[in-house]
Every structure is written in C-alpha cells, then in structure tokens.
Amino acid sequence: MNNSIDNLLHETRRFEPSAEFRATAVASADLYARASEDRPAFWGEQSAELLHWHKPFTKTLDWSRAPFATWFEDGELNVAYNCLDRHVEAGNGDRIALNWEGEPGDSRTFTYAELTAEVKRAANVLIGLGIGEGDRVAIYLPMIPEAVISMLAVARIGAVHSVVFGGFSADSLRARIDDAQARLVITADGGWRRGKVSALKPAVDAALAIGATLNEHGEPGPTTSSVESVLVVRRGENEVDWFPERDLWWHDEMAAAGEHHEAQPFPAESPLFILYTSGTTGKPKGILHTSGGYLTQAAFTHKNVFDLKPETDVYWSTADVGWITGHTYVVYGPLANGATQVIYEGTPDAPHPGRWWEIIQKYRVSILYAAPTAIRTFMKLGRQIPDAYDLSSLRLLGSVGEPINPEAWIWYRDVIGAGTTPIVDTWWQTETGAMMISALPGVTTLKPGSAQVPLPGLKIEVLDDAGTPVGKNAGGLLVVSEPWPAMLRGIWGDPDRYVETYWSTFPGKYFAGDGARLDRDGDIWLLGRVDDVMNVSGHRLSTAEIESSLVSHPRVAEAAVVGAADETTGQAVVAFVIVRVEQAGDLRQEADALAAELRTHVAGQIGAIARPKQVFIVAELPKTRSGKIMRRLLRDLAEGREIGDTTTLADTQVMSIISTNIKA
Ligand code: PRX
C-alpha cells in the first residue's frame, strides 16, 4: 500500500474550474468561511433554507450526551413531504421526478405530482396493514420505482425502513428482519438482472420459514418471526408460492387504498431508517439514521457537490437502494432538492456493454454518480463502447465507494466527460449518512486520486496512533472531530457497541476505520480500511462474517479471510481454510472441488457479493502467540508479495508451509 501511495502522491495533474463552470456554480468559496465561524449555526441556516419545517427548530446541536447527538431537536418535519408534496405545492408537479429504465428496455416516468400520489396511496396501504409511527418495515426489492415509493411511504407515516439489498440471501435477510423486529416485508416476485428474471420472493419465503413449523400442505405454520404481512410487487412475472394468510399483492392493495393522505409532522430526531452494514465482527450493525439532520446534510451535499440546477439537470446515481448511496443520493437528497433523475434496474452490461451510455444518451443525463469499479471495468472494455454514444449532455461526474486511482479518474474525465467535466470524488460511509470529503465543483482545483477537502461545516483530521494530528505530508487514521447533522445516531439495539466501535479509539472523536494521508497542500488521500473490513466493488464486507460462514460448513475447521488488492474491484475476497482432520481425505485431489463448494456455500449464506474469489485449502494459519490470525501475512501471500515480518508468529515456519500448500 505504501508503494502505491507514494506513486499516487507523485500525481501532479491539476484541473482548475473553467470560467464557464465557475460563472454559474451553485457552491461558492465563502461557504467554508461561513461554516467555520459557527458550525451548528451554519447547519441551522442550511436546514431552514433547504427544508420545510412544519414546526421550526430553535436548537441546533445538542452534544451534551456525547457521543449521542441530537440536531434540531425541537423542530418537526415530514421527510416525505419535503421530498414530494412541497414541490407540487410550489408549482413543480409536472416536473419529472423519476425516469425509470427497466433492464429489458421497458420504462416508466413519474412526475412529482404522480410520485406524490403513489406515495400517498402506499402510505394508506401501510396504515391499513396496521403499520404506524416507529414500526419497522423491511424492504427487499429490485431497483424499481416501488422501492422509492415504499421508502417514502414508510417515512411519510413516521415508520422506519430497513432496506435489504436484493443480493443478500434468505439467512441474511432473516437476521436483519429479526434484529429490527420488522412487522412487514415489501418485496417483489423478481426483478431483471443480466438478461433474466432473478426471483426474490422465494428468499423471503425461505427467510420467514426459518424456525417455522410447516402444516400438512408444507406451508409455514404460525409465524415465528416478527413479520405479519408480506407485500409483493409484480415485476418479474415469475411464478411464486403464495401464503394467503400473510401475502398480499401490492397492486391489489394500491388499487383498494384511498388517494388522500396528509403528511403529519414528526420530531426531527424520529428514526428514519436502519441500514445494516458489515463491521469487524460477524454480526452486521444496524446503522440508525434520524430525520431532520440527515435530510439537511443529504440536501446540502447533493445540491452543492453536484452543482444541481433542478430545472435543467438530469441526475443519475447508479447505486442500488440497498446501499447508503441509494438512500441518500437516489431517494432523499435528489428528491428533497426537486431533482429530475434516472434510475436503472439492471446491470451495466445487459443486454449489451453500452447500456449505461445508451441510458445517458436517451435521457440526456447531465450528472452521473458511479463507483470506481464500474469505471475500471469500462476502461478495460475500451473506449470504443462509450464513444459510440452521444454523451455530450454530461457536465459533472461523481465517484464514490472506494478510492479512484488517477488513471481511472483521467479516463472517466477524458472518455466519459469529454475532457472537460469536473469530477467529484466523494468520501463518506453508511455511518456518516452523507458526503463528508469532496471537492466543490466550480470552487476547488481538482486533483485526480484525492478526495481532497472536508465539506463546509465538517471537521475532519488525520491522527497518529497517539491521537495527535499528523500535519501535512504524513499519514494516519481518519477521524471526524466534531458532530455532524447526518451522523448515525447509534447502532440499533446496541448503544454500547456504538460507543465502543466508533468513539473509543480517540475519545470524543469519530474513528472512521479508514487510513488517510495528507499531501503537501493538506489535501486528503484515502488509503482504504485499517480494520478487518474489506471493500469489494465499493461494497463493504466483513472478514469475520465470511469466516464464520466458512466455519459453519461441516468440513471446515478454521478459516481466515483477507481482502487482497484487485485491479478492477479494489479488493477481492480471498479465503484460507483448514479442513477438519477426520474429513481431510486426499486433499490435493479434492481441493478444487471443495474450494468451489465453499465459494457456493458463502454465496448461499450471505449473498453472491460475499462469494470468495479464491479459496486456498491450507494446513496451517499464521497466528501470534496469543492466537490472533495475522491477516497481514496472508494478504502478502494473496497479493503475491514477499512475506513481511514474521517475528511475532508463534511458529515462524508456518508461512513457508502455507506457501507450499498454495503452490501445490
Ligand atoms: O473505506 C471507505 C470507502 O467505503 C467505506 C464506506 O463504505 P459504505 O459504508 O458501504 O459506504 C460506501 C458509500 C458511501 C469507507 O470507510 N469509501 C467510500 N467512499 C470512498 C471510499 N474510499 C475512498 N474514496 C472514496 N471516495
């Protein structure tokens, strides 16, 4: 990693904002000065300007119970009203909110008036099912308009959504349902992915059947989960099993629901959603976000970082709603700002590798927000593919989820952005709720490969192990030193884990888990996770979670998982596995078959995104005298490097045994 950062810091290309861009830029340099005078007051001003408060707040930040913050605590608002009704009331009901593109090429369009009407009906459906303020609703849907409609309907009635990415398995879904005690699941029969319908409902059926007794027809008996009903959107038109005591078709319920629904205000600190993310232990953390502060920073960053002109821009974030980017920059930020956006159901290569560029041409997309893995994949395929489309509508490009290397940055700007568009590399996390580090287009001189500077109103530092700021031209650990409006309010049901995970490394400061380096100008370069969290294609995976899945396989005695550098996906999951002795058999012959079986096992238990790229069957794992696995050494092996310092190993021979196993 150190070699690569030294290379990165030799990157000298700089891109000044053009005079033309600067002339109409939304952001201005004075935001920084205004914000640093009084951060909470700055956020208060932004919130009052960007949102509609049914009851205005008189307080901004309360940090007296740190690290539990409240923002705008005595104010009241309705998040969905802010994203919908108020735009209609302001005369913008005919503006397109969503241009939805299905993978096979079908499409649907919703104006703000139409989207508001759908959400009102959906809110009435939820109320009809007995869902009320504070209740949790699990959403397990493909990227279809109903995903956005469901989230907003839940928010509208003061309930709490927990969106579970459609790529997660039945087990993962059930664990999330149980942790949040969800009363309702909203799902679909299936959705389109890679040219075919991928079923979703069977995973919900399987999730809810866990622990249930089956009746004589093989149907789950009395439910053992917290779920009372399952609402099913028809999308894939695939055959699904049906449990009449529990399952309801979305379209039937929507047709029967009333069209009137007046949005009620809720306190600013009402929980808005829980989103599960991988941490350093096997159990995913339910990251809790609340309403007023979250929406303030979502709207502020979406407007200023994307230079949003809602009357003329067409914005497209390629993220799935199952991830935080899909929450903040598909649903809440863009809709709070009255943006027109594109959402796309499928994969970038279906039915052909030019799909994204075709969509940009079709809708005249002007702002594109994507992940470096996708950019690097397109780079490999060659510029002839995007060059075949008219991308002249693009005027700003964004990047998120993992560091973007300078080569990919330059390619993105030259090939996709006609050599002229600014690129904003935005660093943030599920926990931060909204962007934290990014250039401001029209203000900042851009540096390929660096996320650059904290956004106005945020205090971010790089510290050494003792907690001292490192100063320019040095590396350390990234922290957020002052509370911010969109910060997580806790881990669902586990306040101690919240304090321990984020606030105990450096008391009073939020430790993000990322390493970073400041360059000579003080700009921030992200170096990846310093904990046992991997980042594969911009998605977070926990080594511990995959290890515990591996050891749940009857043939596995021990497992160690590392994220090894990968040219395209940033990191790739590589597993080292020790097989149970009594089951070992002739390992050499069987190793390939067993490795394949274990890869499938992990995909089945957690979801396809967690499937290891490689599984090595080994005789030993490198451990310290206290028994801790030294993943650093395994990473050296997986990345084909010289093995680093082995002096702290209990058995210093072990690495040569493992390398022999791997080469065998
Ligand atoms: O390691 C950082 C990386 O993604 C992690 C957060 O993952 P998640 O909560 O899934 O959210 C991803 C989308 C916001 C961070 O700890 N990360 C995110 N954005 C960047 C990044 N690393 C480098 N540069 C970025 N722009």
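Within each chain, residue numbers correspond to sequence positions counted from 1 in written order. Only residues with pLDDT of at least 70 get local features here, since the model is predicted, and only at 80 or more are side-chain atom pairs given and counted; chain-wide, interface and lining totals rely on the full set of residues. Excluding hydrogens and water, the side-chain figures rest on all heavy atoms present in the structure.

**Some details on helix H12 (residues 292-305)**
Right, on to step 1. Taking 1.5 Å as the rise per residue, H12 with 14 residues should run 20 Å; its terminal C-alpha atoms sit 20 Å apart, in good agreement.
Right, on to step 2. Relative accessibility under 20% of the residue-type maximum defines a buried residue, over 50% an exposed one, and the middle range a partly exposed one, all with a 1.4 Å probe and only protein chains included. Here a strand is any run of E in DSSP of at least two residues, a helix any run of H or I of at least four, and the numbering for each starts at the N terminus. Counting buried positions over the 14 residues of H12 gives 13, a clear majority of the element.
Right, on to step 3. Asp 307 occupies a position one or two residues after H12 and carries a positive phi of about 55 degrees. A helix is expected to span 1.5 Å for every residue after the first.

**Some details on the UniProt feature "binding site: Mg(2+)" (unreviewed entry) in the chain**
Right, on to step 1. Feature annotation in UniProt places "binding site: Mg(2+)" (unreviewed entry) on Val 551, His 553 and Val 556, given in this structure's numbering.
Right, on to step 2. With respect to the secondary-structure elements, His 553 resides in the loop between helix H19 (543-551) and strand S28 (556-566).
Right, on to step 3. Excluding anything up to four places from it in sequence, His 553 contacts Leu 594, Glu 597, Leu 598 and His 601.
Right, on to step 4. By secondary structure assignment, the location of Val 556 is in strand S28. UniProt positions are given in the numbering used here, feature names are shortened, and annotations may be inferred rather than shown by experiment. Contacts are assigned to residue pairs that have any heavy atoms within 4.5 Å of one another.

**Some details on the site of the ligand**
Right, on to step 1. Inspection of the region around the ligand gives 17 residues, with Asp 425, Thr 426, Thr 430, Asp 514 and Arg 540 positioned closest.
Right, on to step 2. Asp 425 is positioned with one of its side-chain polar atoms (N or O) 2.8 Å from a nitrogen atom of the ligand.
Right, on to step 3. Counting only elements with at least two residues in the shell around the ligand, the list comes to helix H13 (324-336), strand S20 (423-426) and strand S25 (524-529).
Right, on to step 4. Each residue gets one of three labels, nonpolar for Ala, Val, Leu, Ile, Met, Phe, Trp, Tyr, Cys and Pro, charged for Asp, Glu, Lys and Arg, and polar for the others, Gly among them. Each residue belonging to the shell around the ligand can be placed in one class, and the counts come to 6 nonpolar, 6 polar and 5 charged. For each residue, the test is whether any non-hydrogen atom lies within 4 Å of the molecule or strand; if one does, the residue is near. In the analysis that follows, any N or O atom pair within 3.5 Å is treated as a polar contact, provided that within protein one partner can donate a hydrogen and the other can accept it, and provided that, for residues neighboring in sequence, both atoms belong to side chains.

**Focus on the packing of H12 against H13**
Right, on to step 1. As a packed pair, H12 and H13 sit with axes 8 Å apart at the nearest point and diverge in direction by 85 degrees. Taken together, the axis directions place H12 and H13 in an arrangement best described as roughly perpendicular. Where H12 approaches H13, its residues Tyr 294, Leu 295, Ala 298, Ala 299, Thr 301 and His 302 are matched on the opposing element by His 327, Thr 328, Tyr 329, Tyr 332, Gly 333, Pro 334 and Ala 336.
Right, on to step 2. Tallied by class, the residues present in the contact of H12 with H13 amount to 8 nonpolar, 5 polar and no charged. In this analysis, axes come from line fits to C-alpha atoms, helices being fitted only over the stretch in contact, and the angle between any two N-to-C directions falls in the range 0 to 180 degrees. For classification purposes, angles smaller than 35 degrees are called roughly parallel, those larger than 145 roughly antiparallel, those between 65 and 115 roughly perpendicular, and all remaining angles oblique.

**Focus: the pattern of salt bridges**
Right, on to step 1. Only one rule defines a salt bridge in this text: a Lys or Arg side-chain nitrogen within 4 Å of an Asp or Glu carboxyl oxygen. Applying the stated rule across the entire model yields 41 salt bridges.
Right, on to step 2. For Glu 345, the salt bridge is made with Arg 235, and the minimal N-O distance between the two is 2.7 Å. Of the two residues, Glu 345 sits in the loop between strand S17 (340-344) and helix H14 (355-363) while Arg 235 sits in the loop between strand S11 (229-233) and strand S12 (247-249), which places them 110 residues apart along the sequence.
Right, on to step 3. The buried category is assigned to Glu 345, whose relative accessible area is 3%.
Right, on to step 4. Given the relative accessible area of 14%, Arg 235 is considered buried.
Right, on to step 5. Two residues, Arg 631 and Asp 532, come together in a salt bridge whose shortest N-O distance is 3.2 Å.

**Overview of the nonpolar core**
Right, on to step 1. In this text, buried Ala, Val, Leu, Ile, Met, Phe, Trp, Tyr and Cys residues form a nonpolar core when linked through side-chain atoms within 4.5 Å. Membership of the largest hydrophobic core comes to 186 residues, with the highest contact counts inside it found for Tyr 332, Ile 416, Leu 478 and Ile 546.
Right, on to step 2. For this core, the leading source of residues is helix H8 (residues 145-156), giving 8 residues.
Right, on to step 3. When residues no more than four places from it in sequence are discounted, the contact partners of Ile 546 are Met 534, Leu 541, Val 561, Val 573, Val 602, Ile 606 and Ala 610.
Right, on to step 4. In this structure, Ile 578, Val 618, Met 630 and Leu 637 belong to the second largest nonpolar core, which totals 18 residues.

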